[in-house]
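Analysis of the macromolecular model
Listed here are the chains, written in short residue letters.
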Amino acid sequence: MSSEFTFDPFLKGALPADFQWGYATAAPQIEGAWNADGKGLSIWDVFGHTPGKVKDGSTCDDACRSYDLYKADVARMKEYGVTAYRFSLSWSRIIPLGGADDPVNEAGIKFYNNLINELLANGITPFVTLFHWDTPQALEDRYGGMLNKEKYTPDFIRYARVCFERFGDRVKNWITYNEPGVYTLAGYAAGVHAPGRSSFRDRNEHGDSSTEPFTVAHTELVSHAYVCDMYKKEFQPTQKGTIMITLHGNWSEPYDETDPKDVEAAERAREFEIAWFADPLYGSGDYPASMRQQLGDRLPTFTEEEKRLVKGSSEFYGMNSYTSFFMQHRDGPADINDHKGNVIVHDKNKQGVERGIESDTPWLRTSPWGWAKLLRWIWGRYKTPIYITENGTTAKGEHDWKPKGPEDVLEDPHRIDFFRAYVGEVAKACQEGIIIKSYFGWTFTDNWEWAAGYTDRFGVTWVDFESEDKKRYAKRSAYFLKEYFGHLIRHD
Ligand code: BGC
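What you are looking at is a predicted structure, and each value in this text was computed from that prediction instead of being measured.

1. Description of the packing of aromatic side chains
- Summed over all chains, the structure comprises 56 aromatic pairs.
- Judged by centre distance (5.2 Å) and plane angle (45 degrees), the ring pair of Trp371 and Tyr422 falls under tilted. Remark: Tyr422 occurs in helix α14 (residues 413-431) and Trp371 occurs in helix α13 (residues 368-382); sequence separation between them is 51 residues.
- When its relative accessible area of 2% is taken as the criterion, Trp371 is described as buried.
- Here the aromatic residues Phe19, Trp21, Tyr23, Tyr80, Trp371, Phe418, Phe419, Tyr422, Tyr439, Phe444, Tyr479 and Phe485 are joined through ring pairs into a cluster of three or more.
- A cation sits over an aromatic face here: Arg93 above Phe111, 5.9 Å from the ring centre.

2. Overview of the pairing of strand β3 (residues 125-131)
- Among the 7 residues in β3, 6 count as buried, and that is most of the element.
- The sheet contact formed by strand β2 (residues 84-88) and β3 spans 5 bridges and is parallel. Within β3, the residue paired with Ala84 across the bridge is Thr125.
- Two elements, β3 and strand β4 (residues 173-178), share 4 bridges in a ladder whose sense is parallel.

3. Concerning the packing of helix α7 (residues 149-167) against helix α9 (residues 212-239)
- It is at 9 Å that the axes of α7 and α9 come closest, and there the two elements cross at 30 degrees. As summarised for this structure, α7 and α9 are arranged roughly parallel, according to the angle between their axes. As α7 runs across α9, the sense of the crossing is right-handed. Contacts from Lys149, Tyr152, Thr153, Phe156, Ile157, Ala160, Arg161, Phe164 and Glu165 of α7 reach α9 at His218, Thr219, Val222, Ser223, Tyr226, Val227, Met230, Tyr231, Glu234, Phe235 and Gln239.
- Tallied by class, the residues present in the contact of α7 with α9 amount to 11 nonpolar, 5 polar and 4 charged.

4. Things to note about the site of the ligand
- Taken together, Gln29, His132, Trp133, Asn178, Glu179, Tyr322, Trp363, Glu390, Trp442, Glu449, Trp450 and Phe458 make up all the residues around the ligand.
- Within the side chain of Tyr322, a nitrogen or oxygen atom sits 3.5 Å from an oxygen atom of the ligand.
- A distance of 2.9 Å separates an oxygen atom of the ligand from a polar side-chain atom of Glu390.
- Across the complex, the protein chains shield 93% of the 310 Å² of accessible surface that the ligand would expose by itself.
- Broken down by class, the residue content of the shell around the ligand amounts to 6 nonpolar, 3 polar and 3 charged.

5. Re the environment of Thr246
- You can see Thr246 is positioned in strand β5 (residues 242-248).
- Classification of Thr246 by relative accessible area gives buried; the value is 0%.
- Considered as a pair, Thr246 and Gly318 are 72 residues apart in the sequence and their alpha carbons are 4.0 Å apart.
- Contacts of Thr246, omitting those with residues within four sequence positions, involve Arg86, Ile175, Tyr177, Asn178, Glu179, Pro180, Gly318, Met319, Asn320 and Thr389.

Rules behind the numbers
Residues numbered from 1 in each chain as written. Predicted model: local features only at pLDDT ≥ 70, side-chain atom pairs only at ≥ 80, totals over all residues. Heavy atoms only, no water. Phe/Tyr/Trp six-rings, centres within 6.5 Å; stacked < 30°, edge-to-face > 60°. Helix = DSSP H or I, 4+ residues; strand = E, 2+ residues; numbered from the N terminus. Buried < 20%, exposed > 50% of the residue type's maximum accessible area, 1.4 Å probe, protein only. Lys NZ or Arg CZ within 6 Å of the ring centre and 35° of its normal. Pairing = 2+ DSSP bridges. Axes fitted to C-alpha atoms, helices over the stretch in contact; angles between N-to-C directions. Parallel < 35°, antiparallel > 145°, perpendicular 65-115°, else oblique. Left-handed = near helix turned anticlockwise from the far one by under 90°. Contact = heavy atoms within 4.5 Å. Nonpolar A, V, L, I, M, F, W, Y, C, P; charged D, E, K, R; others polar. Near = heavy atom within 4 Å. Polar contact = N/O pair within 3.5 Å; in protein donor to acceptor, adjacent residues only side chain to side chain. Areas by Shrake-Rupley, 256 points an atom, 1.4 Å probe, with all protein chains shown as cover.

If you want it as structure tokens, here you go:
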């Protein structure tokens, strides 16, 4: 087959034959059907319906309607050549009120069974995330959700049990939490995501940014560990699947690499962002010393049992990353609400070098140089095989695109350049001996980007959100990635 793309011949066959690749999504961002067939409310349904919370005033009521259109979506994924698909389950679709004693909604189970079966029938391996930020609202109302570890943990365990029992015969790749750090920082430190709590009273009525993020993170780690323990004891022997957690983390580079204080600040920033979760899971078994030093007893402590359960619970390192930042040390004590390690964040370093080309999203710049360093930092510190579970970008100018016909393809060279560089770094890292087992692009279709509403288009598929059937059009990058992975994956 002749191709319009050319690829680096030195990277041919750099990825192992069993490398999995595809796209990742999250239930609230794509499903729609927010109150259909018995689904209960999640905190994002409520947040979206609260005036002033979402940039364009939108809700996720319909999103991409993938609840209705999943068959066509799976067919499209097959056309895109993926080997795997990562999606999340909506807890409140499966258990509308969320709790350990609350009833299961059979219609919700049926939907996910249909989706899983459709994927398998098309030769696509499901990677299933139990929790991608959509806590059942009923649990938030009952006891404050994850602020209450004692009450929340049994509810999460029971939800996970239902999922393993009902889907585990076919699902072999489980992810407990997606980015526990972003859930807690955006929801409880900045207060810009559901459930919308922070110390900032102009933004949120309730919350305490100096303590709650650390409490919630602790709940996530501990409840994750109990679920892994249950899976390994009760399900893994017969179902033979694996279980992990997905952590977020961008690369932090010193602002002035000749200043030891900036070098230290960048490492501290990585610890506050990544090692916060990864050290207890894969490293020392406890929170980093730099965090304890700055936060004191605002950082919870693990009981001996929790420590034992958390360490080694996640069988692989699930990794989401998008960009890089420059970090400068800050003199003087940290602000009480600081959660970054007392640093000043920059877009340029001291020499004026930019962190990368702009996307359509302010925080996200193309910076494969940092991604390459991050892969090595994670591998070096944790020595755990990595599943890349999210990576991708928006591109300017995609909002006003007008398809010329049903088969029209949106040209997205910015996204192609991004994927070429980032995925190329994955291939190089594999050549060096770092074990990387998957790559999931974020994301399959344009979707509801949380508090940014429909204003951030991350998809390799363009969605006409104005149309009744949320019509989809391929972007060129979807075909690029198909050919690129064809070049990179070894065919034994
Ligand atoms: C999340 C996605 C989100 C993406 C882009 C990740 O932090 O897991 O749900 O859409 O970043 O912002």
